[in-house]
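Here are the chains, one letter per residue:
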Amino acid sequence: MLVGILGGGQLGRMLALAGTPLGLRFRFLEPGTNAPTSVIAHQIVGDYDGPRALARFADGIDVATYEFENVPLASVRQLQQHCPVYPPPAALEAAQDRLNEKQLFRRLHIPTAPFVAVNSRSELDEAVERIGLPAVLKTRRMGYDGKGQRMLHTADDVASAWEALGDVPLLLEGFITFGRELSIIGVRDQHGNTVFYPLAENTHQDGILVRSLAPAPDVPGSLQNRAEIYAMQVMDTLDYVGTLAIELFQAGERLLANEMAPRVHNSGHWTIEGTETSQFENHIRAVAGLPLGSTFPIGSSAMVNIIGTLPDAARLLDIPGAHLHLYGKAPRPGRKLGHVTLRANEPETVAARLRELETRLRGA
Ligand code: AMP
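A quick note: this is a predicted structure, and the numbers were derived from the prediction, not measured.

(A) Looking closely at the sheet that holds strand β5 (residues 115-118). Across the sheet, four strands lie side by side as β5-β8-β6-β7; this open sheet has antiparallel pairing. The open sheet has two edge strands with one neighbour each: β5 and β7 (149-152). Going across the sheet, the axis of each strand differs from the next one's by a mean of 20°, ignoring polarity. Note that strand β6 (residues 135-139) and strand β8 (residues 170-174) share five bridges and pair antiparallel. Counted as the bridge partner of T139 is L170 from β8. Contacts from helix α5 (residues 98-107) reach β5, β6, β7 and β8 within the one sheet, and its direction differs from that of β5 by about 150°. Sheet strands touched by helix α7 (residues 156-165): β5, β6, β7 and β8. Its angle to β7, the strand with the most contacts, is close to 175°.

(B) Main features of the site of the ligand. Near the ligand there are 14 residues, and of these K138, Q149, I176, E181 and E259 occur at the shortest range. One of the side-chain N or O atoms of E259 is found 2.7 Å from an oxygen atom in the ligand. Residue assignment for the shell around the ligand shows that the elements contributing at least two residues are β6, β8 and β14 (254-261).

(C) Fine view of unusual backbone geometry. Following Y86, the chain continues to P87 via a peptide bond in cis, the omega torsion being -10°. Along the chain, P87 turns up in the loop between α3 (73-79) and α4 (89-95). Going from L133 to P134, the amide bond is cis rather than trans, its omega being 0°. Among the secondary structure elements, P134 is positioned in the loop between α6 (121-131) and β6. Phi at H109 is positive, roughly 60°, even though this residue is not glycine. Assignment of secondary structure puts H109 in the loop between α5 and β5. Residues other than glycine seldom take positive phi values, yet D239 does so here, at roughly 50°. Within the element layout of this structure, D239 appears in the loop between α8 (221-237) and β13 (242-251).

Rules and cut-offs
- Residues numbered from 1 in each chain as written.
- Predicted model: local features only at pLDDT ≥ 70, side-chain atom pairs only at ≥ 80, totals over all residues.
- Heavy atoms only, no water.
- Pairing = 2+ DSSP bridges.
- Helix = DSSP H or I, 4+ residues; strand = E, 2+ residues; numbered from the N terminus.
- Axes fitted to C-alpha atoms, helices over the stretch in contact; angles between N-to-C directions.
- Contact = heavy atoms within 4.5 Å.
- Near = heavy atom within 4 Å.
- Polar contact = N/O pair within 3.5 Å; in protein donor to acceptor, adjacent residues only side chain to side chain.

Structure representation (structure tokens):
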């Protein structure tokens, strides 16, 4: 079976690395020439909406999927005329627009921060009036890793935030004072069977994920259940096939959905070594029509992103239980270049090794 993947970044690379042992072959469509997938699978270099590149990509693939959510919806719909595409375009459509996404959560009675769509300066003033401050102003589309966002602390911030973002459709959200950020990752197969990974606890800096602990510490079964129900509702409503991630804020007993990703997710990288079947393998199993594998965690894991500069690999691998993944990307400030997963039987062991790892990553 030949699986076509739109996007040739690290997520695509890890999908192909997980699916190759299952006897599957992979083809990527990706605009960049030195993309992370270029060294491991056949890559068609071209724009996602270039008709010739898309036709070459589609020719002979049995099924298609995508590894990031900003691929053009029209290209995905066109691909559907050649082969099945999973997750379904409706999921992509919802995830590409923060307003659609939040409205979907609201329709399913999944709690979120209060939100209002903003299309003009006067609507922003009304939205601030309704939601109050502090609040977060976000672009509805093409936002990721904290890009396209401004915090509004006081009324003085409103004008500059509008100045910075006001030329595109926006969403104003109430600021949530959360205790921590969690994510739930679920996978649904072509028959509607679902599996879920244990919640991960995520730390962001400047909007970029820097660390995940998994299974997240101190998670009562009721919280895990609630997160799974939210993910299941989203997947069932969309007749979803593949891996889905929902990022959540935990505020006391409350669990609020922030956003969803219709794809494998950075906060699930720990599942490669930390569970029976990784999020990548389960995504590939789902899109290829194979049964899903167990998501059972093997001990405790911590995942740390390598951002901006490349570390000395030997110094990291010297830490027991460390697994290094480098994506083959050129260093650039703020760019995700790789990650390290630490896995051990006891959370205390992981915590001690994590301190060591973060010291070494800082170059100390
Ligand atoms: P996002 O692009 O929506 O994932 O936001 C990036 C990060 O900004 C999140 O991981 C949070 O740390 C923070 N953030 C986003 N929205 C809110 C909010 N409504 N209240 C508090 N923090 C937020």
